[in-house]
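Residue-level structure breakdown
So you can see what is in the structure, the chains are spelled out below.
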Amino acid sequence: MHRSGPVSRYGTAAGTGALAVLLLVGICGSPAYTGWAATLTDPESGGAFYARLLAWPAWRLDADGQAGGLFAADLRAVLLVVLAVALLYLLPAAQVARVPGPVSQFFSGWAAYVLAGGLAAVLAALLGQAPSLLGALQDASTGAGYGFLTGWIIGIASLGGRA
């Protein structure tokens, strides 16, 4: 079946959101970006805080002797990407919303990233070294906060795609 018209030129809202997740975690979690964000001169400024926040799902190219190897070192970033993509496809708000359209696509993408951030942090804490319930709960609040403050980027990326 061939679609015609302007809709066929765009991807799905979940697909464009997934691409944005890959780019956001890939770029802002990279060793180059995290190193740069850590060297900002005014740590009390809002811009420096946000730059460091974007680096939260940091990943590395080597494990630096961490037990469990490279996968354990990058577990949070891997889980964030996997969970965010899964939730973007599982939360098709535009299909079930009373008012379908861009507003529901935006909030669906944002909500998926908030949930993914919190879940990725909990799972990484529980599956990582020295798991503890307190550590998992503290990391969950950090991960959900990260998702809340950066999820709007995924929400914007989800705009305009097919449901």
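1. Notes on the overall build of the protein
- For the protein, the helix and strand inventory stands at eight helices and zero strands.
- Taken from N to C terminus, the helices and strands of the protein fall in the order α-α-α-α-α-α-α-α.
- Counting all 163 residues of the protein, 37% fall into the buried class.
- In the protein, 72% of the contacts between residues at least 6 apart in sequence involve partners at least 24 apart.
- Here the protein has roughly 9,100 Å² of accessible surface; of this, 70% comes from carbon and sulfur atoms.

2. What about the UniProt feature "transmembrane region" (unreviewed entry) in the protein?
- Per the UniProt record, "transmembrane region" (unreviewed entry) is annotated on residues 12-33, 75-94, 106-128 and 140-160.
- Its end C-alpha atoms 29 Å apart, residues 12-33 is made of 86% helix and 0% strand.
- Taken end to end, residues 106-128 has its terminal C-alpha atoms 32 Å apart, with 96% of it in helix and 0% in strand.

3. Side note on the packing of helix α5 (residues 75-90) against helix α7 (residues 102-127)
- Taken N-terminus to C-terminus, the directions of α5 and α7 make an angle of 145°; their axes are 8 Å apart at the nearest point. Crossing of α5 over α7 shows right-handed handedness. Seen from α5, the contacting residues are Leu75, Arg76, Leu79, Leu80, Leu83, Ala84, Leu87 and Leu88; seen from α7, they are Gly109, Ala112, Tyr113, Leu115, Ala116, Gly117, Leu119, Ala120, Leu123, Ala124 and Leu127.
- When grouped by side-chain class, the residues that make up the contact of α5 with α7 number 16 nonpolar, two polar and one charged.

4. A word on the environment of Gly147
- Mapped onto the elements of the fold, Gly147 is located in helix α8 (residues 133-157).
- Separated by 32 residues in sequence, Gly147 and Leu115 place their C-alpha atoms 7.2 Å apart.

5. So, the packing of aromatic side chains
- On inspection of all chains with the given rule, the structure shows seven aromatic pairs.
- Consider the rings of Tyr33 and Trp36, whose centres lie 5.5 Å apart with planes at 50°: the pair is tilted. Separated by three residues within a single helix, Tyr33 and Trp36 lie in helix α2 (residues 31-38), roughly one turn from each other.
- Taking the relative accessible area as the measure of exposure, Tyr33 reaches 16% and is therefore buried.
- The structure contains a cluster of three or more aromatic residues connected by ring pairs, namely Phe106, Phe107, Trp110 and Phe148.
- Positioned above the aromatic ring of Trp56, the side-chain terminus of Arg76 is 4.5 Å from the ring centre.

6. Examining the packing of helix α3 (residues 46-54) against α8
- The contact between α3 and α8 brings their axes to 10 Å, and the two run at 90°. Comparing their axes, α8 and α3 come out roughly perpendicular. In contact with Phe49, Tyr50, Leu53 and Leu54 of α3, α8 contributes Tyr146, Leu149, Thr150, Trp152 and Ile153.
- Here the contact of α3 with α8 is built from residues that sort into eight nonpolar, one polar and no charged.

Analysis parameters
- Residues numbered from 1 in each chain as written.
- Predicted model: local features only at pLDDT ≥ 70, side-chain atom pairs only at ≥ 80, totals over all residues.
- Heavy atoms only, no water.
- Helix = DSSP H or I, 4+ residues; strand = E, 2+ residues; numbered from the N terminus.
- Buried < 20%, exposed > 50% of the residue type's maximum accessible area, 1.4 Å probe, protein only.
- Contact = heavy atoms within 4.5 Å.
- Areas by Shrake-Rupley, 256 points an atom, 1.4 Å probe, with all protein chains shown as cover.
- UniProt positions renumbered as here; feature names shortened; annotations may be inferred.
- Axes fitted to C-alpha atoms, helices over the stretch in contact; angles between N-to-C directions.
- Left-handed = near helix turned anticlockwise from the far one by under 90°.
- Nonpolar A, V, L, I, M, F, W, Y, C, P; charged D, E, K, R; others polar.
- Phe/Tyr/Trp six-rings, centres within 6.5 Å; stacked < 30°, edge-to-face > 60°.
- Lys NZ or Arg CZ within 6 Å of the ring centre and 35° of its normal.
- Parallel < 35°, antiparallel > 145°, perpendicular 65-115°, else oblique.

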